[in-house]
Every structure is written in structure tokens, then in C-alpha cells.
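Summary of the model geometry
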Amino acid sequence: MLLKRYGRGFTLIEVLVALSIVAIALLAGSQATNALTSTAVRQSDLLLGHLCAENELTRIRLLKQMPSIGNYDVRCEQAGIGFDIAMNVVPTPNPNFRRVDAQVKHDGAPVLRLSTVMGRF
């Protein structure tokens, strides 16, 4: 008895396995893209936050006087993004110097902290 041979093709199981592999590959690519995007945003925030902190420390240096001890907040905008800077001025063991810390935040999340020592002019 001769059996009729039908055209060769893929079985349903083979098609489902292939679709599963493609779906997993696409999911992995999507996650990699999200990771790259968040890294780029973080890098941009670091750069812009650093500019804000440096600008505030430079402003204090240009006053040509010893900064007052205490805390104060400054709002800074770079490239259309608002940053909050918490400035903290504390004394050092040497009365001729003061430590100045600039904590930069974006939407309440810390971005970076910059510290320096300023002396009498």
C-alpha cells in the first residue's frame, strides 16, 4: 500500500518553538535598550548636576569672603532640568578654612555630592 506524501512544511510545534525563541530574543533586546537609556539619563543628570554644584561653589568663591557657617538651599536649572542643591558650610579645625559641601538632587533623588575647602581671602 502506498501512502500519499503531503508537502513538506513546519509542524505546529516547530512554529511555536521558533516564535518563543524570537519573543525571548526581542525581550532581551528591549531590556538592553532600557538599560542603555537609563544609563544615558543618569550620565546626563550627573553632568548637569556637576555643572550646578560647580557654579554654586564658584559663586561662593567670587564673593571674596569666608562663607557663613550653616545650611541653605539653592535651585539650579541646566538644559531645562531643575536641580536642588543643599549647601552645607561647616568649620574645620583650622579657623582660617571652612568645608563646603554641595549635595545635588533631582526630583528628590541624590545625584552627586561635591566638597571643597575654602579659606580666607
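So, here is what we can say about the structure in this document. Keep in mind that what you see is a predicted model, and the values were worked out from it rather than measured. (Residues numbered from 1 in each chain as written. Predicted model: local features only at pLDDT ≥ 70, side-chain atom pairs only at ≥ 80, totals over all residues. Heavy atoms only, no water.)

Another point: the sheet that holds strand E1 (residues 70-78). Within the open sheet, the four strands sit side by side as E1-E2-E3-E4. Their pairing is antiparallel. Each edge of the open sheet carries a strand with a single partner, namely E1 and strand E4 (109-119). Shown here is a sheet whose adjacent strand axes are inclined to one another by a mean of 20 degrees, direction ignored. Strand direction decides the pairing type here: strand E2 (residues 81-91) and strand E3 (residues 97-106), joined by eight bridges, are antiparallel. Following the sheet pairing, Val90 is matched in E3 by Arg99. (Pairing = 2+ DSSP bridges. Helix = DSSP H or I, 4+ residues; strand = E, 2+ residues; numbered from the N terminus. Axes fitted to C-alpha atoms, helices over the stretch in contact; angles between N-to-C directions.)

Looking now at the state of the cysteines. All told, the structure shown has one disulfide when counted by the stated rule. There is a disulfide in this structure between Cys52 and Cys76, and the S-S distance comes to 2.1 Å. Residues Cys52 and Cys76 share a disulfide whose torsion about the S-S bond is about -75 degrees; that sign makes it left-handed. Taken together, the positions of Cys52 in helix H1 (residues 12-62) and Cys76 in strand E1 put the pair 24 residues apart, joining distant regions of the chain. Judged by its relative accessible area of 12%, Cys76 falls in the buried class. (Disulfide = S-S within 2.5 Å. Buried < 20%, exposed > 50% of the residue type's maximum accessible area, 1.4 Å probe, protein only.)

Next up on the list: the nonpolar core. Core analysis: the biggest nonpolar cluster contains 17 residues, and Ile85, Met87, Val100 and Val104 have the highest contact counts within it. The set of elements that each furnish at least two residues to this core consists of H1, E2, E3 and E4. Among the elements that take part in this core, H1 stands out by supplying five residues, more than any other. Discounting chain neighbours no more than four positions away, the residues touching Val104 are Gly49, Ala53, Phe83, Asp84, Ile85, Ala109, Pro110, Val111 and Leu112. (Core = buried A, V, L, I, M, F, W, Y, C linked by side-chain atoms within 4.5 Å. Contact = heavy atoms within 4.5 Å.)

Another aspect to go through is H1. For H1, with 51 residues, the first-to-last C-alpha span of 75 Å sits near the 75 Å given by 1.5 Å per residue. Taken together, the buried positions of H1 are Asp45, Leu48, Gly49, Cys52, Ala53, Glu56, Leu57 and Ile60. Its buried side turned inward, H1 meets E1, E2, E3 and E4. Lys64 sits one or two positions beyond H1 and adopts a positive phi of about 60 degrees. (Expected span 1.5 Å × (residues − 1).)

Looking now at unusual backbone geometry. One non-glycine residue, Lys64, adopts positive backbone phi at about 60 degrees. Unusually for a residue other than glycine, Asp107 sits at a positive phi of about 55 degrees. Take Asp107: it is sitting in the loop between E3 and E4.

Function-wise, these values are silent; they only describe arrangement.
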